[in-house]
Amino acid sequence: MKRLALLAVLCSLASPARAADLLEEVDVRGLAENRIDLVITGDGYTAAQADQFREDVDTLLDGLFDQRPWGSYQDLFNVYRVVTESAESGADHPSQNDYRDTYFDAEFEYYGIDRLTYADEGRIVSVVSGLLPEVDQIILLINDPEYGGSGGLIAMASVHPDAVYIVVHELG
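Here the structure is a predicted model, which is why all the values come from computation and not from measurement. (Residues numbered from 1 in each chain as written. Predicted model: local features only at pLDDT ≥ 70, side-chain atom pairs only at ≥ 80, totals over all residues. Heavy atoms only, no water.)

Quick look at the nonpolar core now. Within soluble globular proteins, side chains that are nonpolar generally end up buried alongside one another. Membership of the largest hydrophobic core comes to 22 residues, with the highest contact counts inside it found for Ile40, Leu60, Leu61 and Ile139. Among the elements that make up this core, the one with the highest residue count is helix α2 (residues 50–64) (six residues). Beyond its immediate sequence surroundings of up to four residues, Ile139 is in contact with Leu38, Val39, Ile40, Thr41, Leu60, Ala155, Val167 and Leu171. Within the second largest apolar cluster, 20 residues are counted, among which are Tyr103, Ala106, Val125 and Ile142. (Core = buried A, V, L, I, M, F, W, Y, C linked by side-chain atoms within 4.5 Å. Buried < 20%, exposed > 50% of the residue type's maximum accessible area, 1.4 Å probe, protein only. Helix = DSSP H or I, 4+ residues; strand = E, 2+ residues; numbered from the N terminus. Contact = heavy atoms within 4.5 Å.)

With that settled, consider the side chain of Asp37. With respect to the helices and strands, the residue Asp37 is situated in strand β2 (residues 36–43). For Asp37, a relative accessible area of 0% translates into the label buried. Polar side-chain contacts of Asp37 include one of 3.1 Å to the side chain of Asn78. (Polar contact = N/O pair within 3.5 Å; in protein donor to acceptor, adjacent residues only side chain to side chain.)

What follows covers the confidence of the model for the protein chain. For the protein chain, per-residue confidence averages 90 on the pLDDT scale, and residues scoring 70 or more make up 88% of the total. For the stretch residues 5–15, pLDDT sits under 50, and the model shows 14 contacts to residues farther than four places along the chain or on other chains. (pLDDT = per-residue confidence, 0-100.)

Quick look at the environment of Thr84 now. Considering the arrangement of structural elements, one finds Thr84 in the loop between β3 (77–83) and α3 (121–131). Through-space distance from the C-alpha of Thr84 to that of Gln49 is 10.0 Å; in sequence the pair is 35 residues apart. Of the polar contacts made by the side chain of Thr84, one reaches the backbone oxygen of Gly42; its length is 3.0 Å.

A few words on the pattern of salt bridges. This model, assessed by the stated rule, comprises seven salt bridges. Its salt-bridge partner being Glu24, residue Arg54 comes within 2.7 Å of it at the nearest N-O pair. With Arg54 in helix α2 and Glu24 in strand β1 (residues 22–27), this pair connects stretches of sequence that are 30 residues apart. Each of the two residues, Arg54 as well as Glu24, counts as buried. Between Glu24 and Arg81 there is a salt bridge, and its shortest N-O distance comes to 2.6 Å. Of the two residues, Glu24 is situated in strand β1 and Arg81 in strand β3; the sequence distance between them amounts to 57 residues. Taking relative accessible area as the criterion, Glu24 reaches 14% and is therefore assigned buried. (Salt bridge = Lys/Arg side-chain N within 4 Å of Asp/Glu carboxyl O.)

The structure is reproduced here in structure tokens:
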């Protein structure tokens, strides 16, 4: 059993995927059993910004697989995206008293660290694994131009011009 599928069971109290959540194949190169199933989802993208999310994912993937050693392993990845709808665009910035109504509740300044992002990981895992149980790695792309990200179970990055480098760093 893949590790995120097991975690999804543990996160069963989190909100499940809604009918509006949409799983899309981006680049599927083989069976899940012998590929790394990578899912990119977004937060802070409104319904009207769904195409922008798709473009941001494509830009991120082009940049990611242009990096070493990622490009030499591209054939080992199956890549998907999950399109979600936030009520508002952006992410929370608590020190500025700026709060947005987003699907995964992404925020900057986690633990008081300006560039450290956080979102509802339980909900992210629940939604993504509900749509693709074999997921191995999730990336959350935050629709906010502020530089920021975080790693761990879910790699997070803002749509800053350096998003590719943030993701490479956070995936480690």
